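Residue-level structural notes
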Amino acid sequence: MGALSHARATIDDAISRTLEAADAYVKQGYTIRDDQWGGDLGLKEEKAIPHTLFKGNDYWFCMGTDVDNARVAIHVYDGKGKLVENDSWQKGKFAAAHVTAPSTGTYYVIVEVTSSPRERTTWAVIYGFK
Amino acid sequence: MGALLSLKINRYCRILRSSLKLRRTPLDWSFFRMNRNWFRTALIAANCLVSFNCWAESAPSQIDLRKFPATQLDEVVVPLPSEVFNVLDKLGAPNWRSESRDPVVGTRGERAQIALLLGSIVAEGFVAVEAADKERIKEVGRGVLELARAIGVERTVLTRTNLIVTKANSGQWGAVRHELDGALTDVKNAMIELKDSQLAHLVSLGGWIRGTEVLTSVVGKRYSEDGADLLNQPDLLKYFQRRIADMPPRMRSNQLVNKIEKGLDEISPLINQKITPESVKRINEITGQMVKAIDSRA
């Protein structure tokens, strides 16, 4: 139970850190969805989040972790596995990818922990659109 | 690559020169001239380091998605109604009032029906926002609260529904949309916490069905490939089909759920091909019948 509440607390921390990273996009007029995706990943482990994106919308996907000295990465691919993001950045505990969906369909948001002092690193993803 | 590197170095030199110009002392300039080669070497080294860092962390331009299904987090993220309406905003200004209809709020039906109604009424809220219809929005806000009460998640949406009414009164339509999205998310999360994820899926599905009925009506009246492209959601449809298939037999054999399942099966081939004006019309008919079934005897 103690371990579970600790895990929950760190995911919550990861979410609040990620929301900080997304704040810049709120100021640019993006609507941030009140929902998050998260968990924990081992080093170099990747996860795919399938997502229906709509042509005409502009999206920013932000990823963050609460683990100091960890580095994360996030990228967006289309249904054929082709990188489609217009832009992306990575700054230590935060990363983000920007995509203007070229057509409506399923896209794959790939998240990864690229380096971390811990065996498992908690992470969270949120996104905004306009 | 070499040209790019050289351009970058020249740019760095220009920036460095312009910053040095601010000081304008002979000593500074001579220091720069004397150490020009050293600066140049340092800049090349810095540039290489930066470039190496980018290469080390840049994403591959192509990946093999087949290696991912085993580690997928979710089957698919169900988009918010706002995401669809956001695109519809950009496609022109249809007569939203003609798309709007009186929200049906019935709490006598089974829980499955109430969950579908809840999703449907939230979608109705989005139509009312597009039509800037304050009275309709208030009806929707009250309806969401009533239906949420009927399935035991009233407290979760109380603040949201109050905000829906308040923001609509002051004409803050963007904020109303945000609260409608939030109400949908909160209700689903509350149901999942109550170990009622099947009902949570039905809420999403109810919203999707009514949203798709409206979308096909709007696109059908002024067909464009961009508009029809919004219906290109085969994975989302499959996701809903699988959610129904995974339901316990008792819920799946519910007459209404059964009708919804058949409707989705009919829509599936129409979405899995190029979406023509005829298929838009047919999807509109099918979703219209599904909405009627959801509303009936509620």
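Bear in mind the structure is a predicted one, so any value in this text is a computation, not a measurement.

As for the overall build of chain A
The secondary structure content of chain A amounts to 1 helix and 9 strands. In chain A, the order of α-helices and β-strands from amino to carboxyl end is α-β-β-β-β-β-β-β-β-β. Here chain A has a C-alpha radius of gyration of 14 Å; the compact-globule value for 130 residues is 14 Å, and the two agree. Principal-axis analysis of the C-alpha atoms gives chain A an extent of 45 × 30 × 25 Å. Taking the contacts inside chain A whose residues are at least 6 apart along the sequence as the reference set, 75% of them involve residues at least 24 apart.

Focus on the overall build of chain B
Of the regular secondary structure elements, chain B holds 15 helices and 0 strands. For chain B, long-range pairs separated by at least 24 residues make up 74% of all intrachain contacts whose partners lie at least 6 apart in sequence.

Things to note about the interface of chain B and chain A
You'll often see interface size given as the accessible area lost when the parts meet. Opposite the 34 residues of chain B that make contact, chain A presents 31 residues. Of all the elements, helix α4 (residues 81-90) of chain B adds the most residues to the side of chain B that touches chain A, at 6 residues.

Describing the pairing of strand β6 (residues 87-91) of chain A
All names here are of chain A. The alternating pattern of β6 places Ser-88 and Gln-90 on a buried face and Asp-87, Trp-89 and Lys-91 on a face that is not buried. As paired elements, β6 and strand β7 (residues 94-100) share 5 bridges and run antiparallel to each other. Of the residues in β7, the one forming a bridge with Ser-88 is Ala-97. Counted between consecutive antiparallel strands, the loop separating β6 from β7 contains 2 residues, among which Gly-92 sits at a positive phi close to 55°.

Thoughts on helix α15 (residues 277-295) of chain B
The terminal C-alpha atoms of α15 of chain B, which comprises 19 residues, lie 27 Å apart, in line with the 27 Å expected from a rise of 1.5 Å per residue. Summarising the contacts, the buried residues of α15 of chain B are in contact with α6 (111-130), α10 (197-221), α11 (225-229) and α14 (255-271) of chain B.

Side note on the environment of Val-140 of chain B
Residue and element names in this part refer to chain B. With respect to the element layout, Val-140 can be found in helix α7 (residues 134-150). Overall, Val-140 belongs to the buried group, with 29 C-beta atoms counted inside 10 Å. Between the C-alpha atoms of Val-140 and Ile-63, which are 77 residues apart in sequence, the distance is 44 Å. Once residues within four sequence positions are removed from consideration, Val-140 is found in contact with Pro-103, Ile-121, Glu-124, Gly-125 and Ala-128.

Observations regarding the confidence of the model for chain B
Residue and element names in this part refer to chain B. In the predicted model, chain B carries a mean pLDDT of 81, and 78% of its residues have values of at least 70. Every residue in residues 1-34 is under pLDDT 50, and counting partners more than four places away or in other chains gives 11 contacts. Here residues 48-56 is modelled with pLDDT under 50, and outside its nearest four sequence neighbours on either side it reaches 0 contacts, counting other chains as well. Scoring the predicted complex yields pTM 0.80 and, for the interface, ipTM 0.86.

Details of α10 of chain B
Taking 1.5 Å per residue as the helical rise, α10 of chain B with its 25 residues ought to reach 36 Å, and the 36 Å between its terminal C-alpha atoms agrees with that figure. Counting buried positions over the 25 residues of α10 of chain B gives 20, a clear majority of the element.

Points about the sheet that holds strand β8 (residues 105-115) of chain A
Residues and elements named next belong to chain A. As summarised here, the arrangement of the 3 strands in space is β3-β8-β5, forming an open sheet in which the pairing is antiparallel. Single-partner strands in this sheet number two, and they are β3 (46-53) and β5 (71-77). Neighbour to neighbour, the strand axes of the sheet diverge by 25° on average, direction disregarded.

A word on unusual backbone geometry
Unusually for a residue other than glycine, Asn-69 of chain A sits at a positive phi of about 70°. Within the secondary structure, Asn-69 of chain A is located in the loop between β4 (58-64) and β5. Here Lys-195 of chain B, not a glycine, exhibits a phi torsion of approximately 60°, which is positive. Relative to the assigned elements, Lys-195 of chain B resides in the loop between α9 (173-193) and α10. Residue Lys-195 of chain B is classed as exposed on the basis of its 7 C-beta neighbours within 10 Å.

Here we look at the nonpolar core
Judged by nonpolar contacts, the single largest core of 110 residues is most densely connected at Phe-61, Ile-74 and Val-125 of chain A together with Leu-118 of chain B. Setting aside residues up to four positions removed in sequence, Val-125 of chain A forms contacts with Thr-18, Gln-36, Trp-37, Gly-38, Ile-49, Phe-61, Cys-62, Met-63, Ile-74, Val-109 and Val-111 of chain A.

Some words on the packing of helix α8 (residues 154-169) of chain B against α9 of chain B
Residues and elements named next belong to chain B. Where α8 contacts α9, the two axes come as close as 9 Å, and the packing angle between them is 170°. In this view, α8 runs roughly antiparallel relative to α9, as classed from their interaxial angle. Relative to α9, the crossing made by α8 is left-handed. Here α8 contributes Thr-156, Val-157, Arg-160, Thr-161, Leu-163, Ile-164, Lys-167 and Ala-168 to the contact with α9, which in turn contributes Ala-175, Val-176, Glu-179, Leu-180, Gly-182, Ala-183, Asp-186, Val-187 and Ala-190.

About the cut-offs
Residues numbered from 1 in each chain as written. Chains lettered and ligands numbered in written order. Predicted model: local features only at pLDDT ≥ 70, side-chain atom pairs only at ≥ 80, totals over all residues. Helix = DSSP H or I, 4+ residues; strand = E, 2+ residues; numbered from the N terminus. Rg over C-alpha atoms; globule rule 2.2 N^0.38 Å. Contact = placed C-beta atoms within 7 Å. Buried ≥ 20, exposed ≤ 12 C-beta atoms within 10 Å, placed from the backbone. Pairing = 2+ DSSP bridges. Expected span 1.5 Å × (residues − 1). pLDDT = per-residue confidence, 0-100. Axes fitted to C-alpha atoms, helices over the stretch in contact; angles between N-to-C directions. Core = buried A, V, L, I, M, F, W, Y, C linked by C-beta atoms within 7 Å. Parallel < 35°, antiparallel > 145°, perpendicular 65-115°, else oblique. Left-handed = near helix turned anticlockwise from the far one by under 90°.

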